[in-house]
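The primary structure of each chain is shown beneath.
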Amino acid sequence: MNAANFHNKVGSTNMVSRCVILVLVVTLIDCISPITCKNDTWDRFIFTQEWPIAVCEKANETGHKCLIPSQVNSWGIHGLWPTNGHTRGPTECHISKDFNFTMIKPLVEELQIFWPNIYADTNMSSFWKHEWEKHGRCATTLPATANEYLYFKQSLQLMKKFSASTLLKNKGILPSKTAHYRLDQIQFALMQQLGNKTVIVECTKDSATGLYMIFEVEICLDKKFNPINCYAIQDRQDNSDSGHFLRKHKSRCPRGQKAFEYPPIPKH
């Protein structure tokens, strides 16, 4: 081999080496952040539902105008959130396309009933866009939620199976202007119909009465959409003074309040 050929071969080898190193560096950088890494970094879903009256209270806190659509008379979907262990997230994964309203057009009629946007000062689809781009894109590593249409379709199917309205009604817990319910009463009612799996119940303050009302119900599911514990049984302790569960998860339901509001949706 002459000197020219030798140097050409060495140069080519160095170029290949640089390219390999560059690819490895880019891949490493891409996977350092859970936001952009394409690896499947979650092991469960949190299927979250919200009570429309409580959403209106939250709207007042954040300066939004609230309007419960006439077709809404039950709990609504807040989101289907891929989650890793007992943490929150991953979120905002850039592993799928941005929200495209056309993809979910066949589902809009159902979404307006079971996943409504109650903020009257925002675009109808803005809530769906937010949930898809923050949570839904992270779920695309699972075939059942592999694209925008499937993600929303699966969420609607879960609502038919795990509707908080139905589960609570089955145990005699109904919206009321006068009746209040203990937090453990609500939790047990849900757990008894979910294979005794622990759930999370959240609250928000009623600005008119100063009391707290039921705001959200979170049901944890495995990747086959079967209920699992949201927190370990050993993390729960009964508090005889308030009837609450004390657990590692921080709830917005105050321990000092013994019973919580569950106000009805006004009839249109």
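Residues numbered from 1 in each chain as written. Predicted model: local features only at pLDDT ≥ 70, side-chain atom pairs only at ≥ 80, totals over all residues. Heavy atoms only, no water.

A. The arrangement of the environment of serine 163 in detail. Relative to the assigned elements, serine 163 resides in the loop between helix H5 (148-162) and helix H6 (164-170). Each C-alpha atom, one on serine 163 and one on valine 217, is 9.8 Å from the other, the two residues being 54 residues apart in sequence. If near-sequence neighbours (up to four positions away) are discounted, serine 163 is found in contact with Gln49 and Leu158. (Helix = DSSP H or I, 4+ residues; strand = E, 2+ residues; numbered from the N terminus. Contact = heavy atoms within 4.5 Å.)

B. Summary view of the packing of aromatic side chains. Tallying each qualifying case throughout the model produces 11 aromatic pairs. Summarising the aromatic geometry, the rings of tryptophan 115 and tyrosine 151 are spaced 6.3 Å apart at their centres and angled 55° between planes, so their arrangement reads as tilted. Here tyrosine 151 lies in helix H5 and tryptophan 115 lies in the loop between helix H3 (108-114) and helix H4 (126-134), a separation of 36 residues in the sequence. Its relative accessible area of 0% is what places tryptophan 115 among the buried residues. For tyrosine 151, a relative accessible area of 0% corresponds to the buried category. On the basis of an interplanar angle of 45° and a centroid distance of 5.0 Å, the ring pair of tryptophan 115 and phenylalanine 152 is categorised as tilted. (Phe/Tyr/Trp six-rings, centres within 6.5 Å; stacked < 30°, edge-to-face > 60°. Buried < 20%, exposed > 50% of the residue type's maximum accessible area, 1.4 Å probe, protein only.)

C. Representation of the pattern of salt bridges. Per the stated rule, a full pass over the model turns up six salt bridges. We note a salt bridge from aspartate 43 to arginine 44, for which the minimum N-O separation is 3.2 Å. Given the relative accessible area of 35%, aspartate 43 is considered partly exposed. Residue classification places arginine 44 among the buried positions, given a relative accessible area of 13%. Between lysine 160 and glutamate 110 there is a salt bridge; the shortest N-O distance is 3.4 Å. With lysine 160 in helix H5 and glutamate 110 in helix H3, this residue pair connects regions lying 50 residues apart in the sequence. On the basis of relative accessibility, which here comes to 60%, the residue lysine 160 falls in the exposed class. Note on glutamate 110: relative accessible area 23%, which makes it partly exposed. (Salt bridge = Lys/Arg side-chain N within 4 Å of Asp/Glu carboxyl O.)

D. Molecular detail of the UniProt feature "active site" (unreviewed entry) in the chain. When the UniProt feature table is mapped onto this chain, "active site" (unreviewed entry) is found at His78, Glu131 and His135. Spanning 58 residues, the named residues form one tight spatial group whose C-alpha atoms are at most 11.0 Å apart. Among the annotated residues just listed, those that line the largest pocket are His78, Glu131 and His135. The contacts of histidine 78, once residues within four sequence positions are left out, are Thr48, Gln49, Glu50, Trp115, Phe127, Glu131 and Glu216. Looking at the element boundaries, glutamate 131 is found in helix H4. The exposure class assigned to glutamate 131 is buried, which follows from its relative accessible area of 1%. Apart from the residues lying within four places of it in its own chain, the contact partners of glutamate 131 are His78, Gly79, Trp81, Trp115, Gly136 and Tyr151. A polar contact of 2.9 Å, which involves the side chain of glutamate 131, links it to the side chain of tryptophan 81. (UniProt positions renumbered as here; feature names shortened; annotations may be inferred. 1 Å grid on protein atoms, 1.4 Å probe; cavity = no way out; pocket = protein on both sides within 12 Å on 5 of 7 lines; lining within 4 Å. Polar contact = N/O pair within 3.5 Å; in protein donor to acceptor, adjacent residues only side chain to side chain.)

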